[in-house]
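Below are the chains, spelled out letter by letter.
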Amino acid sequence: MLSLPSLAELTPARLLAYSLAALTAHSFLSRVLKFLRAQSVFPHIPGPPSQSWITGNLGQLFTNKGLPFHLLLSERYGGIARVYGFFGDEQLYICDPRALHSILVKDQDAFDETAVFIENNRIIFGPGLVATVGEQHKRQRKAVKPVFSVIQLKKLTPLFYELAEKLCDVISKEVRGEAIMNSDANSNADSGRVDMSEWMSRIALETVGQAVLGYSFDPLDSRQSNPYTAAVKELIPTLFRLSIVRQFVPWLTRIGPPAFRRKLVELVPHEAVQKVKNSSDVMYTTAKGILESKRKKIPERRLETEGPSRQDIITELLKNNERLPESEQLSEEELIGQMTVLIFGAQDTTSSALSRVLYMLSVHPNWQDDLRGEILEALDTSDRDGRLRYEDVVKLPLLDAVLKETLRLFPPVPFVRRTAIQERTIPFTTQAGDTSSVTIPVGTTLFVGIAGANRMESVWGEDAKEWNPERWVGSRGSETAHSSSAKLPGIYAGTLSFLGGSRSCVGYKFAEIEMKIILVTLLSRFTFAKTGDTIVWNLSQIISPSTATRTLGDGGVEEVEEKKGLPLLVRAYDSKRGL
Ligand code: HEM
C-alpha cells in the first residue's frame, strides 16, 4: 500500500519531487477536465481531425516528415486552420496575410513567443534575444540591431570573400581527389561527388564565428570539427526530437532553484536530454571565454586595431553597449546570451538556404548557366582582383531573383509559434474569399505558417508553388514586389522567410550578403549537377537535406535508409572553355 511519509522524512529533495509530481498531475488533470467539458473555441474554423486525444495533431506537426502536413493545412483549409495540441487544446495554424499582419505587426504586443520557446531557450542559451519578452526584449533589440547596419556589413565583406575563397580551395582539392579516383570508372572523370550541405554547414559556422565573435571554429582545412561545432550541429535536431517533451519545460522551470533543476536534468537517463545539456554547456563556456578575452582588451583600447577580429559584431556590440545609458546596457549574461543565440540563429538557417540554392541550380542548369554568366560578366568589368564590391553584389539581378525565389518557396524555418497574451479579434479571408474575423482568447497557441504563407496563391499568383525566379526579374519583378493585392508582413521581399515585426530576424541583411558572396565565389569556380541520389528535405525546426536509399529488408519488405547530406557532382569551371 502507498503510505505518505512522515514530516521527519520530508527532505527538501523529496518535497521537490512531490511538488513536481503534484504540479504535473494538476496540469494533466486540469487539461483532461477542460477537454471533457469543452465546447469548441473555434467552431467555424476548419481543420484536420485530431490524431490522438493526448497529443492531438502535435505528432504530425513535430516530426521530421512533417513538412507535407504543414503545407497541406493551408492548401486544404485556407489561411486559418484549427489544429489540436495536448488534450484537445485548440490551436490555430495561420497563413492568411491579414491575420498575420495583425499578429506580427499591428497587434504584436498581444502575441508573443510561447512560454515553451522562451523557457527552453533561456535554459539552453541564456537570456539573449530568443529567450526574452516585453521590455527586456525591446531593450536588447535596441542594443543589437545597430551592429547589423549596412556600414558594418560592408566592413565584413572582405572577410566573407576570404572565407568563401578558402572554401573554394578545399572543394577544389576534394574534387581533384574524387576525379582521380573516378578517372577510369566513368564519363564524369573530371568531376567529383561532394557533399555540399556539409560544406555549407561548415562555411556558415566559420563565417558567423569569425564575423560575429571574431573567433575561428573551423579552419575549413580538415574533416575534424571542434566541440563547439559538434555542439551547435547536434543541438537543433536533438531539440526537435524532444519537441513534445519540451512542452512541459515551462512548468519544470517553476520547480526549485536553478542548481536543483540542473541536478534534476543531470539525473535524467535520456541520451537526447544529456546531449542538449552538454551542447548548452559547451556553447556557454566558449562564449564566456571569448567575451572575457574581448573585455580584457577594452581598457587597452586594442579592440579596433587587432587582426581579423577588428570588425566583428560582438566587438561592435561591446563598444556600443558601453556608450548606452546604464539602464539600457546589456548585462554580462545578456551579452553571452546574444553571442550564443547569434551563432545558433545563423548557422543552420544559412546552411539550409545555401544548400537549397545549389540544389535548385543543379536541377535547373539553364538558370545556373545564366546566373554564372551574370557573375562572370560583373567580375570581368570589376577592377577588384576577382572580387565585387558590396554594392555590386547586392545589385546582381539574377542572383537576387534566385535567392529570393528559393527563400520564398523553401524557407529554412517553415513555421514559428506565438501565444496570445491579450484577447484580440483579427480579420482573415475565408476560403470562399469573404472577409471574416476570429476572436483569439488569451493563452491560445498560434502557428505562423511561414512556408504555407509563402505559397499562397492569393499573394503569389497561380504559379505560387513553382520555383520560378523569373517572378523577381524585370517588369514582372516590380509587379511581384508592388502590385499583389494581398501582402505578407515580411521584412524580406514580401516573404515571411525572415518573419516580420518586432521579432523578425535581426541578421537577415547579414545572411543575404554572406550568401550572395558565397554563391558568387562558388559559381565562378565550379559547376554543380545532380547525382542519381534521391534527396529528401526533412524538418527539424530547420529544413535540411538527406539522401534516401531504398533497400529490400528481411522478408522482401522495402526499407528506406536516410543519410544526412546533399551530394552534388562538382566540376571546376574553366572560364576559357566555358566548362
Ligand atoms: C537564411 C538565413 C536565415 C533565416 C531564414 C532566418 C530566419 C529567422 C526567423 C524566421 C526568425 C524568427 C524566429 C522566431 O520568431 O521564432 C529569426 C530570428 C532571429 N535570427 Fe534569423 N535567419 C537567418 C539568418 C540569421 C543570421 C545570419 C543571424 C545572425 C547573424 C540570425 C539571427 C537571428 C536572431 C538573433 C533572431 C531572433 C530575433 C528576435 O527574437 O528578436 N539569423 N531568423
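Residues numbered from 1 in each chain as written. Predicted model: local features only at pLDDT ≥ 70, side-chain atom pairs only at ≥ 80, totals over all residues. Heavy atoms only, no water.

An unreviewed UniProt entry annotates the protein as Cytochrome P450-dit2 originating from Pleurotus ostreatus. Here is the UniProt Cofactor (unreviewed entry) comment for the protein, exactly as written: "heme". The Subcellular location (unreviewed entry) comment attached to the protein in UniProt states, word for word, "Membrane". (UniProt positions renumbered as here; feature names shortened; annotations may be inferred.)

Draft legend 1. Quick peek at the packing of helix H16 (residues 365–380) against helix H22 (residues 508–525). Closest axis-to-axis distance for the H16/H22 pair is 9 Å, and the angle between their directions is 100°. Taken as axis vectors, H16 and H22 run roughly perpendicular relative to one another. Two secondary-structure elements touch here, H16 through Gln368, Leu371, Arg372, Ile375, Leu376 and Leu379 and H22 through Leu519, Val520, Leu523 and Ser524. Of the residues in the contact of H16 with H22, the class split is seven nonpolar, two polar and one charged. (Axes fitted to C-alpha atoms, helices over the stretch in contact; angles between N-to-C directions. Helix = DSSP H or I, 4+ residues; strand = E, 2+ residues; numbered from the N terminus. Parallel < 35°, antiparallel > 145°, perpendicular 65-115°, else oblique. Contact = heavy atoms within 4.5 Å. Nonpolar A, V, L, I, M, F, W, Y, C, P; charged D, E, K, R; others polar.)

Draft legend 2. Here's a closer look at the sheet that holds strand S2 (residues 90–94). Spatially, five strands are ordered S1-S2-S8-S5-S3 in an open sheet, and the strand pairing comes out mixed. The sheet is open, and its two edges are formed by strand S1 (80–84) and strand S3 (111–112), each paired on a single side. In the sheet, strand S5 (residues 416–420) pairs with strand S8 (residues 445–448) via four bridges, with the strands oriented antiparallel. Following the sheet pairing, arginine 417 is matched in S8 by phenylalanine 447. (Pairing = 2+ DSSP bridges.)

Draft legend 3. Here's a closer look at the sheet that holds strand S13 (residues 567–572). With antiparallel pairing, the three strands of this open sheet are ordered in space as S4-S13-S9. The outermost strands of the open sheet, each flanked by one partner alone, are strand S4 (191–195) and strand S9 (526–530). Between one strand and the next, the sheet's axes are offset by a mean angle of 35°, whatever the strand orientation. Pairing of S9 with S13 involves five bridges; the strand directions are antiparallel. Looking at the pairing, phenylalanine 528 lines up with valine 570 of S13. Strand contacts of helix H8 (residues 196–213): S4, S9 and S13, with the helix running at about 60° to S4, the strand carrying the most contacts. Where helix H15 (residues 332–363) meets the sheet, its contacts fall on S9 and S13, and the angle it forms with S9 comes to roughly 75°.

Draft legend 4. Broad picture of the coordination of the iron atom of the ligand. Just one protein ligand coordinates the iron atom of the ligand, and it is Cys505 (SG) at 2.3 Å. Mapped onto the elements, cysteine 505 comes out in the loop between helix H21 (474–482) and H22. (Donors = N, O, S within 2.8 Å, 3.2 Å for Na, K, Ca; no water.)

Draft legend 5. Summary view of the site of the ligand. Of all residues adjacent to the ligand, which total 28 residues, the nearest are Glu113, His137, Arg141, Arg418 and Cys505. Within the side chain of histidine 137, an N or O atom sits 2.7 Å from an oxygen atom of the ligand. At 2.8 Å, a side-chain N or O of arginine 141 approaches an oxygen atom of the ligand. Contributions of two or more residues to the shell around the ligand are made by helix H6 (134–144), H15, S5 and H22. Broken down by element, the residue count for the shell around the ligand peaks at seven residues, all from H15. In terms of residue class, the shell around the ligand is made up of 17 nonpolar, seven polar and four charged. (Near = heavy atom within 4 Å. Polar contact = N/O pair within 3.5 Å; in protein donor to acceptor, adjacent residues only side chain to side chain.)

Draft legend 6. Geometry of the nonpolar core. Membership of the largest hydrophobic core comes to 158 residues, with the highest contact counts inside it found for Met196, Met200, Phe510 and Leu522. No other element matches the 15 residues that H15 contributes to this core. In this structure leucine 522 touches Leu167, Cys168, Ile171, Met196, Met200, Leu358 and Phe528, once residues within four positions along its chain are discounted. (Core = buried A, V, L, I, M, F, W, Y, C linked by side-chain atoms within 4.5 Å. Buried < 20%, exposed > 50% of the residue type's maximum accessible area, 1.4 Å probe, protein only.)

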